[in-house]
Amino acid sequence: MKIFVLNSGSSSIKYKFFLYKDGKFKVIDSGVIEHIGEGKNYPKNHKEALELIDEDFNSFDIIAHRVVHGGSYFTEPTIINQDVIKKIEEVSYLAPLHNPANLEGIKALSRIDTTQIAFFDTAFHQTMPIESYRYAIGEEYSNIRRYGFHGISHQYLTKEASKLLNKSIDRCNLITLHLGNGASVTAIKNGKSIDTSMGFTPLEGLIMGSRCGNIDAGAIIYLAEQLKKSPKEIEHILNYESGLKAICGTNDMREIIKNYKNGDKKAQLAFKMFCNRVKKYIGAYIALIGKVDAIIFSGGIGENSKEVRDEVCSNMEHLGIRKDKNSPISIFTIKTNEELEMAKGSLEILKI
Ligand code: ADP
């Protein structure tokens, strides 16, 4: 069984080709094509970019596409047809930077006679109860609600944690931390997402590489009214000029740790602010979930930085978090693998 997993961005395509045989997945090929549409030396569009991949797409049994936003329509991976494409287009206004690019990848392969499946970053969080996804604003604005993102990763981490705990997924209570350049934390009760830190957009929640995370909505009004920033400028400030980068000049956690060890005060502050925000979510989610089995660290920072893991877990003994083997709440570091989750999910959907 040959499975091709595709992650189409606005100017890049990441791909991974899996062979599924004897119950095992093997990566045959993987790569990235960048600079799509950026001049005459580069592929003009996604269709041309895909032609650079030396594979016969007709030979795949399944093609899996990552789609950032499924709105309220999609609660699980879905076989792509014209109706599905229409719905993804319909919710594109919720993710204007991502969904159109994801659709480019889908459309570029639409002639291929292979089952194609869409995996949504929002789908895993569709189990959130209304008290988690509703904002406290009027019902006339009900499309402004929390959706959550990184769902493919949080789902993968949930499944892996259930194996480590030797407990069925529907009995697992977890806090999954996806800490990369983009970062989010999810409260998992009985295997399902009941709350997550990202919201209407991936801007809410944790402090990220260049995104501010939680901020008083009044500050946005101040930026617009008093500082005369346009919506486009505000979007840019909060998404690309904030977060760790704004506090200490870099969004690279390796550099931040190196600098703070050398006494750099701004790097110390960035590190402390980042870890404190994560801590606050852990405390809140323990309160929400009840008895938690495990906290999972993942993403480039979560997987690699012992300093961040130690700081986040420090002085949390009263909540059942200890750094030794007998910690009432287990602490796991798991390398996330969204492509593998999509490959596995494809087989589940097709009941293979
Ligand atoms: P993305 O969200 O772009 O996929 P990643 O999950 O790759 O991001 O995470 C990128 C982050 O991981 C960066 O801040 C990088 O500095 C951090 N990182 C990678 N390796 C290490 C390490 N050994 N120690 C600390 N941070 C690390």
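Residues numbered from 1 in each chain as written. Predicted model: local features only at pLDDT ≥ 70, side-chain atom pairs only at ≥ 80, totals over all residues. Heavy atoms only, no water.

**Observations regarding the site of the ligand**
Put simply, the test is: Nearness of a residue to a molecule or strand requires only that one of the residue's heavy atoms be within 4 Å of it. N or O atoms closer than or at 3.5 Å make up a polar contact, with two conditions inside protein: a donor-capable atom paired with an acceptor-capable one, and, for residues adjacent in sequence, both atoms drawn from side chains. Starting at the N terminus, helices and strands are each numbered in turn, a helix being any DSSP run of H or I of at least four residues and a strand any DSSP run of E of at least two. For this classification, the nonpolar set comprises Ala, Val, Leu, Ile, Met, Phe, Trp, Tyr, Cys and Pro, the charged set comprises Asp, Glu, Lys and Arg, and every other residue, Gly included, is treated as polar.
Neighbouring the ligand are Gly180, Asn181, Gly182, Asn251, Asp252, Met253, Arg254, Gly299, Gly300, Ile301, Asn304 and Ser305. In the environment of the ligand, an oxygen atom lies 3.3 Å from a nitrogen or oxygen atom belonging to the backbone of glycine 182. Isoleucine 301 has a polar backbone atom sitting 3.3 Å from an oxygen atom of the ligand. Those elements that place two or more of their residues in the shell around the ligand are helix 9 (253-261) and helix 11 (299-304). At 4 residues, the largest contribution of residues to the shell around the ligand is made by helix 11. Per-class residue counts for the shell around the ligand are 2 nonpolar, 8 polar and 2 charged.

**Notes on the packing of aromatic side chains**
Going by this rule: Aromatic pairing here means that ring centres of Phe, Tyr or Trp (its six-membered ring) are within 6.5 Å. Orientation follows from the plane angle: under 30 degrees is stacked, over 60 is edge-to-face, and everything else is tilted. Throughout this description, buried means an accessible area under 20% of the type-specific maximum (1.4 Å probe, protein chains only), exposed means over 50%, and partly exposed covers the range between.
Here the structure, examined in full by the defined rule, presents 11 aromatic pairs. Arranged with centres 4.9 Å apart and planes meeting at 45°, the rings of phenylalanine 4 and phenylalanine 60 form a pair that is tilted. Residue phenylalanine 4 is found in strand 1 (residues 2-8), and its partner phenylalanine 60 is found in the loop between helix 1 (46-51) and strand 4 (62-67); the two are separated by 56 residues along the sequence. Across this residue pair, the class does not change: phenylalanine 4 and phenylalanine 60 are buried.

**Here's the deal with helix 9**
An α-helical turn contains 3.6 residues, so any two residues separated by three or four positions project in the same direction. Rules: By construction, the arc corresponds to the directions joining the helix axis to the C-beta atoms. Contacts: residue pairs with any heavy atoms within 4.5 Å of one another.
Taken residue by residue, helix 9 has Met253, Ile256 and Ile257 as its buried positions. The buried residues of helix 9 occupy an angular sector of 95° when projected down its axis, which confines them to one face. Structural note: helix 9 exposes Arg254 and Lys258 on the side pointing more than 90 degrees away from its buried face. Those residues of helix 9 hidden inside the fold are in contact with helix 8 (243-248), helix 10 (265-289), helix 11 and helix 12 (306-313). Directly after helix 9, the chain includes glycine 263, whose backbone phi takes a positive value near 90°.

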